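# Residue-level structure breakdown
Residues per chain, in single letters:
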Amino acid sequence: ERMRIDSSGNVGIGTAAPIAKLQVSGRIGAGELGNSKVTRNGLNLYVDFNDKACVSGTSSSEAPLDLGPNNYSMSLADNAFFQYKDGIGTYRLDGNGDAIRIANFLVAGNANSYEFWFYANIQSGWETLWDSGTEKPLLGTSGSNLRAYPNSTSFATINTGKWYHVVWAFASNSDLDVFVNGTRVTEANNWGHTQRTGTFEAWIGETIGAEAFNGWVSMVRAYSRQLTPADVLQNYNAEVGTFATVTPELGIVQSGGNVGIGTISPAKDLTIASATSPALGFYSAYADTNARNWAINT
């Protein structure tokens with residue numbers, strides 16, 4: 001059914017039995033899907049589990065839809081399921097073979113980037129976020145160490161109980177940049193292996209239980225080029241507000257009319273906190289008509 005008007009005057013698109021004045025059944029495919037603020041240059045795969053065009057959220061067993069230009073078909077492996085984590089749309093991977101399978105994924109060359117927003121629940125041995133099917137590359141963590149297997153370099157420390165934005169950006173097999181929360185932590189690493197190219201089934205997560213990821217994944221993008229620091233920061237800033245309310249060190253949080261940096265419950269007009277220092281609370285003194293004077297309450 002392309003379009004149907006029933007006897008009551010309801011209009012259906014994609015359904016022969018509309019139950020509302022206008023009911024659209026199925027995916028809306030017109031225009032640019034997903035966040036318009038992220039870079040599109042070289043985009044290969046794009047899933048955002050907060051976006052209704054990607055996953056409706058009405059069924060935990062619903063497979064996501066690709067928001068990118070290639071419309072990759074995806075399916076769920078083992079017991080991967082959709083779940084809201086702290087109000088954020090995610091797929092829950094339980095560390096026992098859960099994954100999202102991507103059919104006929106294309107890697108045309110050796111310049112590729114893989115971008116994730118994820119939350120680690122348990123770190124037990126190797127935890128896979130991305131597998132090309134031949135482990136070249138296999139992207140994830142070994143314990144708390146961020147890695148790109150088979151290379152043994154530890155790029156950063158990833159803790160459980162926090163949201164992270166991570167990008168692995170290959171210019172070639174011998175030139176890998178890695179970014180964590182918008183900052184480049186490794187530049188031009190000699191990865192030293194040969195990436196798998198061609199068309200194959202790729203996985204978000206891992207179907208091998210011993211190497212499967214235990215946590216939540218919210219957004220994934222792949223690009224057929226190496227993202228630059230400006231690209232990564234653009235994407236990070238486009239989405240960080242969604243995750244900062246759970247992991248406040250990522251950015252600024254507004255609560256009850258107050259602003260918090262490093263805290264989700266600011267007690268003053270502006271509260272700044274860190275893991276190693278007591279919080280500083282700032283409130284406006286309003287000593288003049290322009291409210292330029294501030295006081296510090298420690």
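Residues numbered from 1 in each chain as written. Predicted model: local features only at pLDDT ≥ 70, side-chain atom pairs only at ≥ 80, totals over all residues. Heavy atoms only, no water.

## Section: the overall build of the protein chain
On a plain count of helices and strands, the protein chain comes out with one helix and 22 strands. Taken across its 298 residues, the protein chain has 44% of its residues classed as buried. Considering only residue pairs separated by 6 or more positions, the protein chain has 54% of its internal contacts joining residues 24 or more positions apart. As displayed, the protein chain offers around 13600 Å² of accessible surface, 48% of which is attributable to carbon and sulfur atoms. (Helix = DSSP H or I, 4+ residues; strand = E, 2+ residues; numbered from the N terminus. Buried < 20%, exposed > 50% of the residue type's maximum accessible area, 1.4 Å probe, protein only. Contact = heavy atoms within 4.5 Å. Areas by Shrake-Rupley, 256 points an atom, 1.4 Å probe, with all protein chains shown as cover.)

## Looking at the nonpolar core
Ranked by size, the top nonpolar core spans 54 residues in total, and within it Phe 105, Phe 116, Trp 130, Trp 168 and Val 217 carry the most contacts. Excluding anything up to four places from it in sequence, Phe 116 contacts Leu 129, Trp 130, Tyr 164, His 165, Val 166, Trp 168, Ile 204, Val 217, Met 219 and Val 220. (Core = buried A, V, L, I, M, F, W, Y, C linked by side-chain atoms within 4.5 Å.)

## A short note on unusual backbone geometry
Across residues other than glycine, the phi torsion is negative in most instances, and most of the peptide bonds are trans. The residue after Lys 136, namely Pro 137, is reached through a cis peptide bond having omega 5°. On the secondary structure map, Pro 137 appears in the loop between strand 10 (126-131) and strand 11 (138-142). Of note, the amide linkage connecting Tyr 149 to Pro 150 takes the cis form, showing an omega dihedral of 10°. Residues other than glycine seldom take positive phi values, yet Asn 104 does so here, at roughly 55°. For Asn 104, the position within the fold is in strand 8 (residues 99-107). Located in the positive-phi region is Glu 135, a residue other than glycine, with phi close to 65°. Examined against the element boundaries, Glu 135 turns out to sit in the loop between strand 10 and strand 11.

## A word on the pairing of strand 15 (residues 183-189)
Judged from the four bridges that link them, strand 14 (residues 175-180) and strand 15 form a sheet pairing that is antiparallel. If you follow Phe 179 over to strand 15, its bridge partner there is Arg 184. Linking strand 14 to strand 15, which pair antiparallel, is a turn of two residues; within it Asn 181 sits at a positive phi near 50°. (Pairing = 2+ DSSP bridges.)

## Side note on the environment of Ala 17
As for its placement among the helices and strands, Ala 17 is situated in the loop between strand 2 (11-13) and strand 3 (22-24). Between the alpha carbons of Ala 17 and Ser 7 there is a distance of 10.0 Å; along the sequence they are ten residues apart.

Everything listed here is a matter of coordinates, which is why it stays silent on function.
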